[in-house]
Amino acid sequence: MSAAQRREQLIATGRQLFAERGFDGTSVEEVAARAKVSKPVVYEHFGGKEGLYAVVVDREVRSMLDRIAAALTAGDPRELLEQAALALLDYIEEEPHGFRVLVREGPALSATGNFSSVMNDVAHQVEHILGDEFKDRGLDSKFAELYSQALVGMVALVGQWWREARKPKKEMVAAHLVNLAWNGLSHLEAEPTLTTRKTP
């Protein structure tokens, strides 16, 4: 196995263990044993558990943000909101280990792996969309950040719940999230549906 292949193997092993046991519950010994290498090999590639964790989290953050950015294609603001909610739910469904790594506690005093910092990055992407929409509607765009944090937080927390519940179907979850975000409590639709993807 080449050095690059070994590094990828260790990252995959670390990702699985961090998802199962969290940062504190995982040791270099366990990573080495599961990868069938000696502890010095892990230290050689990452300098220790913290270095391996930082690489795993960085990859997950990039993967999630790339998915959301790719999903935000042309469309009206409601469609963009649907696309963002579905992209996050797709990531949760298709990358359960990665999502579990992100929502578990990271090392103390570390900004890396903090789920709120990950969601903050997502909210900044949404903020630009909302800022433009606020301007177009003659609203004060300085509040776009507040609304983006609220929207992303809502989707992220519901996503954590849905990861365990697994019902209703993903598209229905997204439709209800968008219903609340788009219509507000005073204008909820009785039977919300998505305009960008069929709701089962």
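Read on for an overview of the structure.

Conventions adopted
- Throughout, residues of each chain are indexed from 1 in the direction in which the sequence is written.
- With the structure being a predicted model, the display of local features is reserved for residues of pLDDT at least 70 and the display and counting of side-chain atom pairs for 80 or more, all residues being used for whole-chain, interface and lining totals.
- Side-chain calculation: all heavy atoms of the structure are included, whereas hydrogens and water are not.
- Definition of nonpolar core: a set of buried residues of the types Ala, Val, Leu, Ile, Met, Phe, Trp, Tyr and Cys, connected through side-chain atoms within 4.5 Å.
- Think of it in three bands: residues with accessible area under 20% of the maximum for their type are buried, residues over 50% are exposed, and the middle band is partly exposed, with areas taken using a 1.4 Å probe on protein chains only.
- By definition, any uninterrupted DSSP run of H or I lasting at least four residues is a helix, any uninterrupted run of E lasting at least two residues is a strand, and each is numbered from the N terminus.
- Any pair of residues with heavy atoms lying within 4.5 Å of one another is described as a contacting pair.
- Under this definition, polar contacts are N or O atom pairs within 3.5 Å; protein pairs additionally need one hydrogen-donor-capable and one acceptor-capable atom, and for neighbouring residues in sequence, both atoms have to be side-chain atoms.
- Only protein atoms enter the 1 Å grid, on which a cavity is a set of points fitting a 1.4 Å probe that cannot get out and a pocket is an open set with protein on both sides within 12 Å along at least 5 of 7 lines, lining residues being those with an atom within 4 Å of a point.
- Grid points are joined across faces, edges and corners, and a volume is the space filled by probe spheres set on the points.
- Here the term charged refers only to Asp, Glu, Lys and Arg, the term nonpolar to Ala, Val, Leu, Ile, Met, Phe, Trp, Tyr, Cys and Pro, and the term polar to all other amino acids, Gly among them.
- Helix axes are fitted to C-alpha atoms over the stretch in contact, other axes to C-alpha atoms as well, and angles between N-to-C directions run from 0 to 180 degrees.
- For classification, angles of less than 35 degrees are called roughly parallel, those exceeding 145 degrees roughly antiparallel, those between 65 and 115 degrees roughly perpendicular, and all remaining angles oblique.
- Two helices crossing with the near one rotated counterclockwise from the far one by less than a right angle form a left-handed crossing, whereas a clockwise rotation gives a right-handed crossing.
- Any carboxyl oxygen of Asp or Glu within 4 Å of a side-chain nitrogen of Lys or Arg constitutes a salt bridge here.

**Some remarks on the nonpolar core**
Okay, step 1: Counting 53 residues, the largest nonpolar core has Met64, Leu102 and Met119 as its most contacted members.
Okay, step 2: A total of nine residues in this core trace back to one element, the largest contributor, which is helix H4 (residues 49–71).

**Some words on the environment of glutamate 82**
Okay, step 1: Assignment of secondary structure puts glutamate 82 in helix H5 (residues 77–94).
Okay, step 2: Judged by relative accessible area, which is 0%, glutamate 82 ranks as buried.
Okay, step 3: C-alpha of glutamate 82 to C-alpha of arginine 59: the two residues are 23 residues apart in sequence and 24 Å apart in space.
Okay, step 4: With near-sequence residues (within four places) excluded, glutamate 82 lies in contact with Val178, Thr193, Leu194, Thr195 and Thr196.

**So, the side chain of lysine 170**
Okay, step 1: Structurally, lysine 170 is set in helix H9 (residues 170–183).
Okay, step 2: On the basis of relative accessible area, lysine 170 is assigned to the buried category, the value being 9%.
Okay, step 3: A distance of 2.5 Å separates a polar atom in the side chain of lysine 170 from a polar atom in the side chain of aspartate 90.
Okay, step 4: Setting aside its immediate chain neighbours within four residues, lysine 170 contacts Leu86, Leu89, Asp90, Glu93, Trp162 and Arg197.

**Side note on the layout of surface pockets**
Okay, step 1: The volume enclosed by the largest pocket comes to roughly 490 Å³.
Okay, step 2: Forming the walls of the largest pocket are 19 residues, and the residues nearest its centre are Leu130, Phe134, Tyr147, Leu151 and Ala181.
Okay, step 3: Those elements that place two or more of their residues in the lining of the largest pocket are H5, helix H7 (115–136), helix H8 (144–165) and H9.
Okay, step 4: It is H7 that provides the largest number of residues to the lining of the largest pocket, a total of five residues.
Okay, step 5: For the lining of the largest pocket, the residue count by class is 17 nonpolar, no polar and two charged.

**Considering the environment of threonine 13**
Okay, step 1: Mapped onto the secondary structure, threonine 13 falls in helix H1 (residues 3–21).
Okay, step 2: Excluding residues that lie within four positions of it along the chain, threonine 13 makes contacts with Val31, Arg34 and Ala35.

**Overview of empty space enclosed by the protein**
The probe, sized like a water molecule, is rolled over the atoms to show the empty space still left.
Okay, step 1: Scanning the entire structure with this criterion turns up one cavity of 30 Å³ or more.
Okay, step 2: The computed volume of the largest cavity comes to approximately 100 Å³.
Okay, step 3: Listing elements by their share of the lining of the largest cavity, those giving two or more residues are H5, H7 and H8.
Okay, step 4: The greatest single-element share of the lining of the largest cavity, amounting to four residues, is contributed by H5.
Okay, step 5: Counted by class, the lining of the largest cavity contains ten nonpolar, no polar and no charged residues.

**Description of the packing of H4 against H7**
Okay, step 1: Running from N to C, H4 and H7 cross one another at 20 degrees; their axes reach a closest spacing of 11 Å. The angle between H4 and H7 places the two elements in the roughly parallel class. Where H4 crosses over H7, the handedness of that crossing is right-handed. Mapping the contact onto sequence places Val61, Met64, Leu65, Ile68 and Ala69 in H4 and Val118, Met119, Asp121, Val122 and Gln125 in H7.
Okay, step 2: For the contact of H4 with H7, a count of residues per class yields eight nonpolar, one polar and one charged.

**A word on the pattern of salt bridges**
Close approach of charged atoms lets side chains of opposite charge pair.
Okay, step 1: As enumerated under the stated definition, the model contains 16 salt bridges in all.
Okay, step 2: With its nearest N and O atoms 1.7 Å apart, the salt bridge here joins arginine 21 to glutamate 30.
Okay, step 3: Ionic pairing is found between arginine 67 and glutamate 95, a salt bridge with its closest N-O pair at 3.8 Å. Of this pair, arginine 67 sits in helix H4 while glutamate 95 sits in the loop between H5 and helix H6 (96–103); the two residues are 28 residues apart in sequence, bridging distant segments of the chain.

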